[in-house]
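# Summary of the model geometry
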Amino acid sequence: MKKRTWMGLGMAMALSLTACGGGKETAETTPEKAPAETTAGQETKAQESANAADSDRPKYVKGEDEVTGKITVYTTMEETQQAALQELWNKYYPNCKMEIQADSVGTLATRIRGDESCDADVVIGGMFAADGDKYHDILQPYTSVLDDEQLYHDASGYYTYYDVQVMCLVVNPELRDELGIKIEGYEDLLQPELKGKIILAAPDSTSSGWRQLQTILATMGDKFDDEKGWDYIKQLIPSSFSTTSSKDVYNLVINGEYVAGLSYESTVAALIKDGAQVDCVYMKEGNTAMAGGAAIVKNAPNLPAAEAMIDLLASSEFQNIRASESSGRGSNKNVDLQGLPAADTLGLVDLDYDYLSQNKDQICTKWNDLWAELNGK
């Protein structure tokens, strides 16, 4: 009796399973569904892991898979800065190859304008707040996601700044001490002991020369571009040698061919850091600051990468690396100055960028005319 009861229960359970599961067909298909469920679970976990990795990236860094292919960078940066930028780019965007072409900004702009096959995505360096719309025809606007951290802004929306240039005098201390003089500013360059021992760069052919002329006119007159400022220039020119290369200024002072030169802070500070036996002198009469930066090329082939690059340049992370490697003064308010003096200690005089943009040719022509007149050339 018990045996028949257990057999009856067994047959009932079998019939029940067949009715609910579809018999033999269910037995064969059910195992096939399990791997699909496992794969879906693995994909979900992989996506969660990827999202977690992206969430760990700084807010100015796009997702790794958003920036791929190749980015072509046109730049005026010297090799140390290029290397620093390349390393940081590879850290965040390993799937996007960076190709660099370095030259003067004038040459790079000409290349973009003249070559229909040009594949440049961004131009980095050589473009300043006083340039106005000089390069707008080859660029397109973009506002960095870090715009709120910047100390300088481009009202037109084309440039994103990463560099702030202030000026200095580069002085050979050994030669200065042999002359028994002090050099603390522009006025000291007029000492008779320095006649023929000063080197400067031509303002119509070099960015450093143009920036120095701006600074002289801003600090040595009662107002910018007045006769008092030009009277100082008339005294400076006969004591000076002019070059068409910004590099000549600091190199020839380092080599002892000149006692003093008119140059950039960042360049001289970097040279001193590398062991050059020169002094970086901030003019006691005051100084000026000019923001320089980068922009996206019009119709950039790789726009996501171009935007990612601009955001990276605006970051305090890149600017801190640049400051450490080459003594650059950054535009991001969170950047460490790496031993450079604070801006509010330099006696900075504001510049009228519109005036500079509209009157550069006129100002440089006046300089050239005075140079020819006073040097008999």
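So, a few notes on the structure that sits alongside this text. Only a predicted model underlies this, so the values are computations on that prediction, with no experimental measurement involved.

Another aspect to go through is the layout of surface pockets. The computed volume of the second largest pocket comes to approximately 260 Å³. Lining the second largest pocket are 16 residues, and of these Ala129, Gly132, Asp154, Tyr353 and Asp354 sit closest to its centre. Take the lining of the second largest pocket: its biggest share by element is four residues, from helix H12 (residues 353–375). Across the lining of the second largest pocket, the residue classes break down as seven nonpolar, six polar and three charged.

The next subject is the packing of aromatic side chains. Per the counting criterion, the structure on display carries seven aromatic pairs. Plain terms: the ring middles of tyrosine 159 and tyrosine 161 are 6.5 Å apart, the flat faces sit at 45 degrees to each other, and that makes the pair tilted. Taking the relative accessible area as the measure of exposure, tyrosine 161 reaches 3% and is therefore buried. Against the face of tyrosine 74 rests arginine 111, its NZ or CZ located 5.5 Å from the ring centre.

With that out of the way, let us pick up the packing of helix H3 (residues 79–92) against helix H10 (residues 303–314). The interhelical angle for the contact between H3 and H10, taken along N-to-C directions, is 120 degrees, at an axis separation of 11 Å. Between H3 and H10, the interaxial angle falls into the category oblique. Two packed elements cross with a definite hand, and for H3 against H10 that hand is right-handed. Contacts between H3 and H10 involve Leu85, Leu88, Trp89 and Tyr92 from the first element and Ala305, Ala308, Met309, Leu312 and Leu313 from the second. Tallied by class, the residues present in the contact of H3 with H10 amount to nine nonpolar, no polar and no charged.

Moving on, we come to the pattern of salt bridges. Between side chains of opposite charge, a pair can form as their charged atoms come close. With the rule as written, the count across this model stands at 17 salt bridges. Between aspartate 188 and lysine 284 there is a salt bridge whose closest N-O contact spans 3.7 Å. Separated by 96 residues along the polypeptide, aspartate 188 in the loop between helix H5 (173–179) and strand S6 (198–201) and lysine 284 in the loop between strand S9 (279–281) and strand S10 (289–297) bring together distant segments of the chain. We classify lysine 284 as exposed; its relative accessible area is 51%. For arginine 329, the salt bridge identified is with glutamate 265, shortest N-O distance 2.6 Å. Highlighted residues: arginine 329 in the loop between helix H11 (316–326) and H12 and glutamate 265 in helix H9 (residues 265–273), separated in sequence by 64 residues. Here arginine 329 and glutamate 265 have matching classes, each one buried.

We now examine unusual backbone geometry. Of note in the backbone geometry, aspartate 225 takes a positive phi value of approximately 65 degrees without being a glycine. Inspection of the secondary structure puts aspartate 225 in the loop between helix H6 (207–219) and helix H7 (227–236). A residue is classified by how much of its surface remains accessible, and aspartate 225, at 18% relative accessible area, is buried. One non-glycine residue with positive phi stands out, namely glutamine 338, at about 50 degrees. Relative to the elements of secondary structure, glutamine 338 occurs in the loop between H11 and H12. With a relative accessible area of 40%, glutamine 338 lands in the partly exposed category.

Before going further, it helps to spend a moment on empty space enclosed by the protein. Under the criterion given, the structure shown has one cavity of 30 Å³ or more. Within this model, the largest cavity holds a volume of roughly 80 Å³. Around the largest cavity, the lining residues are Leu200, Ala201, Pro203, Ser208, Gly209, Gln212, Leu213, Ile216, Leu262 and Trp367. At the level of secondary structure, the elements contributing two or more residues to the lining of the largest cavity comprise S6 and H6. The element best represented in the lining of the largest cavity is H6, accounting for five residues. The residue makeup of the lining of the largest cavity, split by class, is seven nonpolar, three polar and no charged.

What follows is about the side chain of asparagine 172. For asparagine 172, the location among the structural elements is in the loop between strand S5 (160–171) and H5. Take asparagine 172: its relative accessible area is 7%, and that puts it in the buried class. In terms of polar contacts, asparagine 172 uses its side chain to reach the backbone amide nitrogen of glutamate 174, at 3.2 Å. A distance of 3.0 Å separates the side chain of asparagine 172 from the backbone oxygen of valine 253, its partner in a polar contact. With near-sequence residues (within four places) excluded, asparagine 172 lies in contact with Val253, Ile254, Gly256, Tyr258 and Val259.

Bringing H11 into the picture now. Within H11, the full set of buried residues consists of Glu317, Phe318, Gln319, Arg322, Ala323 and Ser326. The secondary structure elements touched by the buried residues of H11 are H3, S5, H9 and H10. Where H11 ends, the next residue or the one after it, serine 327, has phi of about 60 degrees, a positive value.

Cut-off values and rules
By convention here, each chain's residues receive numbers from 1 onward along its written sequence. At least 70 in pLDDT is required for a residue's local features to be given in this predicted model, at least 80 for side-chain atom pairs to be given and counted, and no such filter applies to totals for whole chains, interfaces and linings, which use all residues. As a rule here, side-chain values come from all non-hydrogen atoms in the structure, and water together with hydrogens is ignored. The rule is simple: put a 1 Å grid over the protein atoms alone, call a set of points where a 1.4 Å probe fits but cannot get out a cavity, call an open set with protein on both sides within 12 Å along at least five of seven lines a pocket, and count a residue as lining if it has an atom within 4 Å of a point. Grid points are joined across faces, edges and corners, and a volume is the space filled by probe spheres set on the points. Secondary structure elements are defined from DSSP: runs of H or I of at least 4 residues count as helices, runs of E of at least 2 residues count as strands, and each element is numbered from the N terminus. Residues were grouped as follows: Ala, Val, Leu, Ile, Met, Phe, Trp, Tyr, Cys and Pro as nonpolar; Asp, Glu, Lys and Arg as charged; and all remaining residues, including Gly, as polar. Pairing of aromatic side chains here covers Phe, Tyr and the six-membered ring of Trp, requires ring centres within 6.5 Å, and sorts the geometry by plane angle: under 30 degrees stacked, over 60 edge-to-face, intermediate tilted. We call a residue buried when its accessible area falls under 20% of the maximum for its residue type, exposed when it is over 50%, and partly exposed in between, using a 1.4 Å probe and counting protein chains only. Charge over a ring is defined by NZ of Lys or CZ of Arg lying within 6 Å of the ring centre and within 35 degrees of the ring normal. Geometry is summarised by axes, namely lines fitted to C-alpha atoms with helices restricted to the contacting stretch, and by angles between N-to-C directions that run from 0 to 180 degrees. An angle below 35 degrees is read as roughly parallel, one above 145 as roughly antiparallel, one from 65 to 115 as roughly perpendicular, and any other as oblique. Left-handed is the label given to a crossing in which the near helix is rotated counterclockwise from the far helix by less than a right angle, and right-handed is the label when the rotation is clockwise. We call two residues in contact whenever any of their non-hydrogen atoms come within 4.5 Å of each other. In the sections that follow, a salt bridge refers to a side-chain nitrogen of Lys or Arg positioned within 4 Å of a carboxyl oxygen of Asp or Glu. We define a polar contact as two N or O atoms separated by no more than 3.5 Å, with the added condition that, inside protein, one atom must be a possible hydrogen donor and the other a possible acceptor, whereas residues neighbouring each other in sequence contribute only through side-chain atom pairs.

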